[in-house]
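Next come the chains, spelled out residue by residue.
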Amino acid sequence: QNVLWNRTFGGAWSDGAFAVVQSNDGGIVMAGFSSSYSANHTEDVYLVKTDAQGNQMWSRTIGTDLDDIATDIKQTSDGGYIVTGYKQVSNVNDPFLIKTDSSGNVIWEHNYDYGLNMDDRSHSVCQTSDGGYIFAGQTRIVDQFPNYDMYVVRTDGAGNVVWMRTYRYTDYGNDVAMSVVQLDDGGFFIGGTTQSSIWSSFVMRTNSAGDIIWTKTRPNDYQSECYSVIKTSDGNLVLSGTSVSFETDTDILFEKLDLNGNQL
């Protein structure tokens, strides 16, 4: 665990990274926000590319006069990047996708809105096997109980909506999707948190059209939150996050599941 190098990036104001990905040339690309390099010191999307030694190769800021924050980035099959997050629109937020080339130059950008003029956000994105994209986050639903529901949108390769879905554990309490990956059968595994009748990690498997195959809360005996999910090389799933019990304070949660959601 010896440190090979460390670097800081940013300016005199607040700057931060929420996601990092290794690029195919061995370098690193970070995505987050910058108020140092925005026109009026609001938060703009901030992308930084380094070589394998952490030396900056380029940086980009993308944004409006209001706050724009990147929450996830992935490298795409053409060597560019897909970036997701949320931007302030009037008094609420809307999710976005930004497609860039390998140098961080914007190819296209799309904003998304569930349609209720409420707060919507995206936390995770991945490229799908057909060259499109899928992002997962949250949308404020105004019904009997005005809470967040999981919000998942699948697009084509140009960012046009193919389908959008919302998911919830019960009719009350917040449900938030924090991470999404595509499975080998073309369906998806989505991980997040429910604060409904229980406060627990909430995971689900869907088919390629977003129809639910199964949902589970993981684990069931104490408070937990899922922040990230990955597909492992053996075809199973790993989720990570936090857990809290009466015996301990907050601990790291790391759990491996099979494709039926059973704990391994």
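Residues numbered from 1 in each chain as written. Predicted model: local features only at pLDDT ≥ 70, side-chain atom pairs only at ≥ 80, totals over all residues. Heavy atoms only, no water.

K.L.:
Explanation requested: a nonpolar patch on the surface in the structure shown.
P.N.:
Taken together, the side chains of Y114, L116, V161 and M164 define a hydrophobic patch exposed on the protein surface, amounting to about 300 Å² of accessible area. Take L116: it is sitting in the loop between β8 (106-111) and β9 (120-127). (Patch = residues over 30% accessible without salt bridge, like charges linked within 9 Å, V, L, I, M, F, W, Y side chains within 5 Å. Areas by Shrake-Rupley, 256 points an atom, 1.4 Å probe, with all protein chains shown as cover. Salt bridge = Lys/Arg side-chain N within 4 Å of Asp/Glu carboxyl O. Helix = DSSP H or I, 4+ residues; strand = E, 2+ residues; numbered from the N terminus.)

K.L.:
How should the sheet that holds strand β10 (residues 133-141) be read in this particular structure?
P.N.:
Within a sheet, neighbouring strands are paired by backbone hydrogen bonds and run either parallel or antiparallel to one another. The four strands are arranged β9-β10-β11-β12 in an open sheet whose pairing can be described as antiparallel. Unpaired on one side and paired on the other, β9 and β12 (161-167) mark the two borders of the sheet. Taken over all neighbouring pairs, the strand axes of this sheet differ in orientation by 20° on average, direction set aside. Pairing between strand β11 (residues 147-155) and β12: six bridges, direction antiparallel. (Pairing = 2+ DSSP bridges. Axes fitted to C-alpha atoms, helices over the stretch in contact; angles between N-to-C directions.)

K.L.:
I keep staring at the pattern of salt bridges and nothing clicks. Help me out?
P.N.:
Side-chain pairs of opposite charge can arise where the charged atoms are in close proximity. For the structure shown, the criterion picks out 13 salt bridges. With its nearest N and O atoms 2.7 Å apart, the salt bridge here joins D211 to R165. Placement of D211 in the loop between β15 (199-206) and β16 (212-218) and of R165 in strand β12 is noted, with a sequence separation of 46 residues between them. In this structure D211 comes out as partly exposed when scored by relative accessible area, which is 33%. Residues R205 and D185 are paired through a salt bridge, measuring 2.7 Å at the closest nitrogen-oxygen approach. Remark: D185 occurs in the loop between β13 (175-182) and β14 (188-195) and R205 occurs in strand β15; sequence separation between them is 20 residues. Owing to a relative accessible area of 13%, R205 belongs among the buried residues under this scheme. Its relative accessible area of 48% is what places D185 among the partly exposed residues. (Buried < 20%, exposed > 50% of the residue type's maximum accessible area, 1.4 Å probe, protein only.)

K.L.:
Mind showing me how you'd approach the pairing of strand β4 (residues 56-62) here?
P.N.:
For a regular strand, side-chain orientation follows a simple rule: the groups alternate between the two sheet faces. Both strand β3 (residues 44-50) and β4 contribute to a ladder of six bridges, which runs antiparallel. The residue of β4 that forms the bridge with K49 is W58. Linkage of β3 to β4, two consecutive antiparallel strands, is achieved through a turn of five residues, within which G54 is found at a positive phi near 85°.

K.L.:
For this particular structure, what's the right way to read the sheet that holds β14?
P.N.:
Reading across from one edge, β13-β14-β15-β16 is the order of the four strands in this open sheet, with antiparallel pairing throughout. Unpaired on one side and paired on the other, β13 and β16 mark the two borders of the sheet. Strand-to-strand twist of the sheet, defined as the mean angle between neighbouring strand axes without regard to direction, takes the value 20°. As paired strands, β13 and β14 are joined by seven bridges and run antiparallel to one another. Among the inter-strand pairings, S179 is bridged to a residue of β14, identified as G191.

K.L.:
Explanation requested: the pairing of β10 in the structure shown.
P.N.:
Among the nine residues of β10, eight are classified as buried, and the element is accordingly described as predominantly covered. The loop that links β9 with its antiparallel partner β10 comprises five residues; one of these, G131, has a positive phi angle of about 90°. Judged from the nine bridges that link them, β10 and β11 form a sheet pairing that is antiparallel. Residue pairing across strands places R140 opposite Y148, the latter belonging to β11.

K.L.:
So what exactly am I meant to see when it comes to the packing of aromatic side chains here?
P.N.:
What describes a pair of aromatic rings is the distance from one ring centre to the other and the angle between the planes of the rings. Summed over all chains, the structure comprises nine aromatic pairs. For the pair Y112 and F135, a centre-to-centre distance of 5.2 Å together with 55° between the ring planes defines the contact as tilted. Here the residue Y112 occupies a position in the loop between β8 and β9, and F135 occupies one in strand β10, the gap between them amounting to 23 residues. Classification of F135 by relative accessible area gives buried; the value is 0%. Cluster of aromatic residues (ring-pair linked, three or more members): Y112, Y114, F135 and Y151. Just above the ring of W163 sits the side chain of R165; from NZ or CZ to the centre is 6.0 Å. (Phe/Tyr/Trp six-rings, centres within 6.5 Å; stacked < 30°, edge-to-face > 60°. Lys NZ or Arg CZ within 6 Å of the ring centre and 35° of its normal.)

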